[in-house]
Amino acid sequence: MLQRHFWLPFLFLITLAVPLQAKSLPDNFIKLKPGTSYEGQLNPKEVMRFYFVLERGMDVVIESHTSLKRSNTVYPGAVLFHADGSVIARDWNGGQGRNFRINESLDAGTYVLRVEDGRGCGSLHGCPEIIKNFTLTFEVQETSLF
């Protein structure tokens, strides 16, 4: 009888720990929601981190967009990670122009996306001529065999 009472709180704590994975990410990570976009600026030598949670398996497309009319824009590059830190995919020019595009079939879980300017800036003045604006789109479609 004593053994049964020991396992009940243990099992309860395990079930609580699974949803808390996403909450263990740092506060400066930006949450992405399916069907939405993020607009911002990506400064040279800056790393931005995003995360998203999938409740079930999904086909995911994450893509950056910058002005195609100008050559002095940021060159966003991205790495997609599992919550444990293992790399799923990387891209820096799979989208239009010099934009990344990551297209993956993912299981339910928490994922992290690291985005940075692939070109960088070696100037002491911070490359003020570079247009730093970019948009990040996040689209999902339910994974299905039919």
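Going by the structure above, here's the rest.
Residues numbered from 1 in each chain as written. Predicted model: local features only at pLDDT ≥ 70, side-chain atom pairs only at ≥ 80, totals over all residues. Heavy atoms only, no water.

A. Broad picture of the sheet that holds strand S7 (residues 101–106). Pairing is antiparallel across the open sheet formed by 4 strands, whose spatial order is S2-S9-S4-S7. With partners counted over all chains shown, the strands left at the sheet margins are strand S2 (36–41) and S7, one partner each. Each neighbouring strand pair of the sheet contributes to a mean axis angle of 15°, computed without reference to strand direction. As paired elements, S2 and strand S9 (residues 133–142) share 6 bridges and run antiparallel to each other. Bridge assignment links Gln 41 to a residue of S9, and that residue is Asn 133. (Pairing = 2+ DSSP bridges. Helix = DSSP H or I, 4+ residues; strand = E, 2+ residues; numbered from the N terminus. Axes fitted to C-alpha atoms, helices over the stretch in contact; angles between N-to-C directions.)

B. Seen up close, the packing of aromatic side chains. On inspection of all chains with the given rule, the structure shows 4 aromatic pairs. On the numbers, 4.6 Å between centres and 45° between planes, the contact of Phe 52 with Phe 138 is tilted. Of this pair, Phe 52 sits in strand S3 (residues 47–54) while Phe 138 sits in strand S9; the two residues are 86 residues apart in sequence, bridging distant segments of the chain. Residue Phe 52 is classed as buried on the basis of its relative accessible area, which comes to 0%. On the accessibility criterion, Phe 138 (0% relative accessible area) is buried. (Phe/Tyr/Trp six-rings, centres within 6.5 Å; stacked < 30°, edge-to-face > 60°. Buried < 20%, exposed > 50% of the residue type's maximum accessible area, 1.4 Å probe, protein only.)

C. The arrangement of the pattern of salt bridges in detail. Under the definition given, this model contains 3 salt bridges. Ionic pairing is found between Arg 56 and Glu 142, a salt bridge with its closest N-O pair at 3.7 Å. Of this pair, Arg 56 sits in the loop between S3 and strand S4 (58–65) while Glu 142 sits in strand S9, and the two are 86 residues apart along the sequence. The exposure class assigned to Glu 142 is partly exposed, which follows from its relative accessible area of 48%. One salt bridge in this structure joins Glu 63 and Arg 101, with 3.0 Å as the shortest N-O distance. Placement of Glu 63 in strand S4 and of Arg 101 in strand S7 is noted, with a sequence separation of 38 residues between them. (Salt bridge = Lys/Arg side-chain N within 4 Å of Asp/Glu carboxyl O.)

That's the geometry; what it means functionally is another story.
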